Amino acid sequence: MGAQLCEGSYMEQKSVLAAGSLLEAYQRIPAGQVWGGVPAKFIRERTEEEVLLQGWDAASYIELGAEHFQEVLYLPYGTAFIEAEKQGVKVGYDSTHVPPFETY
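What counts and what doesn't
Residues numbered from 1 in each chain as written. Predicted model: local features only at pLDDT ≥ 70, side-chain atom pairs only at ≥ 80, totals over all residues. Heavy atoms only, no water. Helix = DSSP H or I, 4+ residues; strand = E, 2+ residues; numbered from the N terminus. Buried < 20%, exposed > 50% of the residue type's maximum accessible area, 1.4 Å probe, protein only. Contact = heavy atoms within 4.5 Å. Salt bridge = Lys/Arg side-chain N within 4 Å of Asp/Glu carboxyl O. pLDDT = per-residue confidence, 0-100. Polar contact = N/O pair within 3.5 Å; in protein donor to acceptor, adjacent residues only side chain to side chain. Pairing = 2+ DSSP bridges.

K.L.:
Help me understand the overall build of the chain in this model?
P.N.:
For the chain, the helix and strand inventory stands at three helices and seven strands. Reading the secondary structure of the chain in the N-to-C direction produces β-β-β-β-β-β-β-α-α-α. For the chain, buried positions account for 19% of its 104 residues. In the chain, once contacts between residues fewer than 6 apart in sequence are set aside, the share between residues at least 24 apart is 11%.

This is how it looks when you write it as structure tokens:
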């Protein structure tokens, strides 16, 4: 989270850039490597087990987001809504006014 890729930088398949890192302009991370830092430097090669267990590519995140979209939109923050519902107060959003989830 929060990693930055500058203009012309490139990450090959199954490479990882650590959170908060900065990949400088036109810098490339080769396939299967882990880089991190400011500026980003090589840390280590990924293990075969890490690559096999990854499974969280962009499509997986979109699918997971679609699966839990209703929870995020309609549940109020905190736990005060539980007490409000016990007292018959309607809480949350009206789903008829929320646009449908779109995948790209």
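Now that the structure is up, let's keep going.
K.L.:
Explain the pattern of salt bridges to me, please; I cannot follow it from the model alone.
P.N.:
Where charged atoms from two side chains of opposite charge approach closely, those side chains can pair. Applying the stated criterion to the full structure yields two salt bridges. A salt bridge links E12 to R28; the nearest nitrogen and oxygen atoms lie 2.4 Å apart. Residue E12 is located in the loop between β2 (10–11) and β3 (16–17), and its partner R28 is located in strand β5 (residues 28–29); the two are separated by 16 residues in the primary sequence. Of the residues examined, E12 reaches a relative accessible area of 24% and is grouped as partly exposed. The exposure class assigned to R28 is partly exposed, which follows from its relative accessible area of 43%.

K.L.:
Got a minute to help me understand the confidence of the model for the chain in this structure?
P.N.:
For the chain, per-residue confidence averages 79 on the pLDDT scale, and residues scoring 70 or more make up 71% of the total. By mean pLDDT, the top-scoring element of the chain is strand β7 (residues 41–45) (95), and the lowest-scoring one is helix α2 (residues 58–74) (71).

K.L.:
What is the right way to read the side chain of Q33 from this model?
P.N.:
Along the chain, Q33 turns up in strand β6 (residues 33–36). Residue Q33 is classed as buried on the basis of its relative accessible area of 13%. A distance of 3.1 Å separates polar atoms of two side chains, one belonging to Q33 and the other to E45. Apart from residues no more than four positions distant in its own chain, Q33 is found in contact with K14, S15, V16, F42, R44, E45 and R46.

K.L.:
It is not clear to me how the side chain of S21 should be interpreted in this structure. Could you clarify?
P.N.:
In this structure, S21 sits in the loop between β3 and β4 (22–23). A polar contact is formed between the side chain of S21 and the backbone oxygen of A18, at a distance of 2.9 Å. Excluding anything up to four places from it in sequence, S21 contacts G2, A3, Q4, W35, G36, G37 and V38.

K.L.:
Explain the pairing of β7 to me, please; I cannot follow it from the model alone.
P.N.:
Look at any regular strand and the pattern is simple: side chains alternate between the two faces of the sheet. The pairing of β6 with β7 spans four bridges and is classified as antiparallel. Bridging from a neighbouring strand, Q33 pairs with E45 of β7. Counting the residues between successive antiparallel strands, the hairpin from β6 to β7 contains four residues, one of them, G37, with a positive phi of roughly 110°.

K.L.:
How should I be thinking about the environment of L5 in this particular structure?
P.N.:
Structurally, L5 can be placed in strand β1 (residues 4–5). Taking relative accessible area as the criterion, L5 reaches 46% and is therefore assigned partly exposed. When the C-alpha positions of L5 and A25 are compared, they lie 7.4 Å apart, and in sequence the two are 20 residues distant. Setting aside its immediate chain neighbours within four residues, L5 contacts M11, L17 and L23.

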